[in-house]
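# Observations on chain architecture
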Amino acid sequence: MSVSTASETKVYIGPTTAAADAAAYAALTWVEIGEVQSIGEFGDQANDVTFTSLSDGRVRHLKGARDAGQLALVCGRDALDLGQVAARAAEKTKFSYAIKIVAADALDANDTDSIFYFHALVQSARNNFGENDAVVTTTFNLGIVTEIIEVPATVVA
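Here's a quick rundown of the structure. (Residues numbered from 1 in each chain as written. Predicted model: local features only at pLDDT ≥ 70, side-chain atom pairs only at ≥ 80, totals over all residues. Heavy atoms only, no water.)

Of the residues making up helix α2 (residues 82–91), those classed as buried are G83, Q84, A87, R88 and A90. On an axial view of α2, the arc spanned by its buried residues comes to 160°, and they lie on one face. Residues of α2 that are buried make contact with β1 (10–13), β2 (31–33), β6 (70–76), β7 (96–102), β8 (115–128) and β9 (137–144). Backbone nitrogen of G83 and a side-chain oxygen of the N-cap are separated by 3.1 Å at the start of α2; the cap is D81. (Buried < 20%, exposed > 50% of the residue type's maximum accessible area, 1.4 Å probe, protein only. Helix = DSSP H or I, 4+ residues; strand = E, 2+ residues; numbered from the N terminus. Arc of directions from axis to C-beta. Contact = heavy atoms within 4.5 Å. Polar contact = N/O pair within 3.5 Å; in protein donor to acceptor, adjacent residues only side chain to side chain.)

Next comes the structure, spelled out in structure tokens:
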């Protein structure tokens, strides 16, 4: 089976150090962000650039600049979790931080999971206390500022 659930996916925050490829990202020091409930969507999307020709009155669609998006990372709030502490500290700066997402998509224990690397600005750290029986959450909005480098899952024979 080649599809998987999001269960056991892990998210890490790293330093502000620039990295140009997967090997450079892999060499960085990472801190896992704990109690992640939802990662949201991320990935490139081209802006829609339009042009309307007078001669035939047709709108032409072209691909413009690419945007990797803003990822909404929802966590069960843990004031002592080192990854959440790092993300809250990052929100107070203007710098972009290395982010690593490890999908739990290996086919078996011998294989490796897919890994996604990118840099993002931690743009918010908003708490939601909700209602009486709700878990307190923190949403970290990560504005992705680099290309997303994907290291695909591998099958070890």
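Here we come to the environment of T112. Examined against the element boundaries, T112 turns out to sit in the loop between β7 and β8. In this structure T112 comes out as partly exposed when scored by relative accessible area, which is 36%. Sequence separation of T112 and P152 is 40 residues, and the distance between their C-alpha atoms is 8.4 Å. Excluding residues within four positions of it along the chain, T112 makes contact with A106, A153 and T154. One polar contact links T112 to T154, side chain to side chain, over a distance of 2.4 Å.

What follows is about the side chain of R88. Its location among the elements puts R88 in helix α2. For R88, which is buried and forms no salt bridge, the nearest opposite charge comes from D78, at a distance of 6.4 Å. A distance of 3.3 Å separates a polar atom in the side chain of R88 from the backbone oxygen of D78. Each residue touching R88, except ones within four places of it in the same chain, is listed here: D78, A79, A125, T138 and F140. (Lys, Arg positive; Asp, Glu negative; His and termini not counted. Salt bridge = Lys/Arg side-chain N within 4 Å of Asp/Glu carboxyl O.)

Before going further, it helps to examine the nonpolar core. Formed by 22 residues in total, the largest nonpolar core has its most connected members in I13, L73, I99, I101, F118 and L142. For this core, the elements supplying multiple residues, two or more each, are β1, β6, α2, β7, β8 and β9. Counting residues per element, this core draws most heavily on β8, at four residues. Excluding residues that lie within four positions of it along the chain, F118 makes contacts with Y25, F42, L71, Y97, A98, I99, I101, I144, T146, E147 and I148. Of all hydrophobic cores here, the second largest spans ten residues; its members include A19, L28, Y117 and I149. (Core = buried A, V, L, I, M, F, W, Y, C linked by side-chain atoms within 4.5 Å.)

This part takes up the pairing of β7. Every other side chain in a regular strand lies on the same face of the sheet, so the side chains alternate between the two faces. When you tally the buried positions in β7, you get six out of seven residues, the bulk of the element. Here seven bridges tie β7 to β8, and the two strands are oriented antiparallel to one another. Along β8, the bridge assignment pairs V102 with I115. (Pairing = 2+ DSSP bridges.)

A few words on the pairing of β9. Across the eight residues of β9, eight count as buried, placing the element largely inside the fold. Side chains of β9 alternate between two faces, with T137, T139, N141 and G143 and T138, F140, L142 and I144 buried alike. Across eight bridges, β8 lies against β9 in antiparallel orientation. Looking at β9, one finds that N127 is bridged to T138.

Before going further, it helps to examine the pattern of salt bridges. Per the counting criterion, the structure on display carries three salt bridges. The salt bridge partner of E32 is K10, with a shortest N-O separation of 3.9 Å. Highlighted residues: E32 in strand β2 and K10 in strand β1, separated in sequence by 22 residues. You can call E32 partly exposed: its relative accessible area is 35%.

A separate point is the packing of aromatic side chains. This model, assessed by the stated rule, comprises four aromatic pairs. Judged by centre distance (5.5 Å) and plane angle (85°), the ring pair of F42 and F116 falls under edge-to-face. Here F42 is found in the loop between β3 (36–38) and β4 (45–52), whereas its partner F116 is found in strand β8, with 74 residues between them in sequence. What links up through ring pairs into an aromatic cluster is the set Y25, W30 and Y117. (Phe/Tyr/Trp six-rings, centres within 6.5 Å; stacked < 30°, edge-to-face > 60°.)

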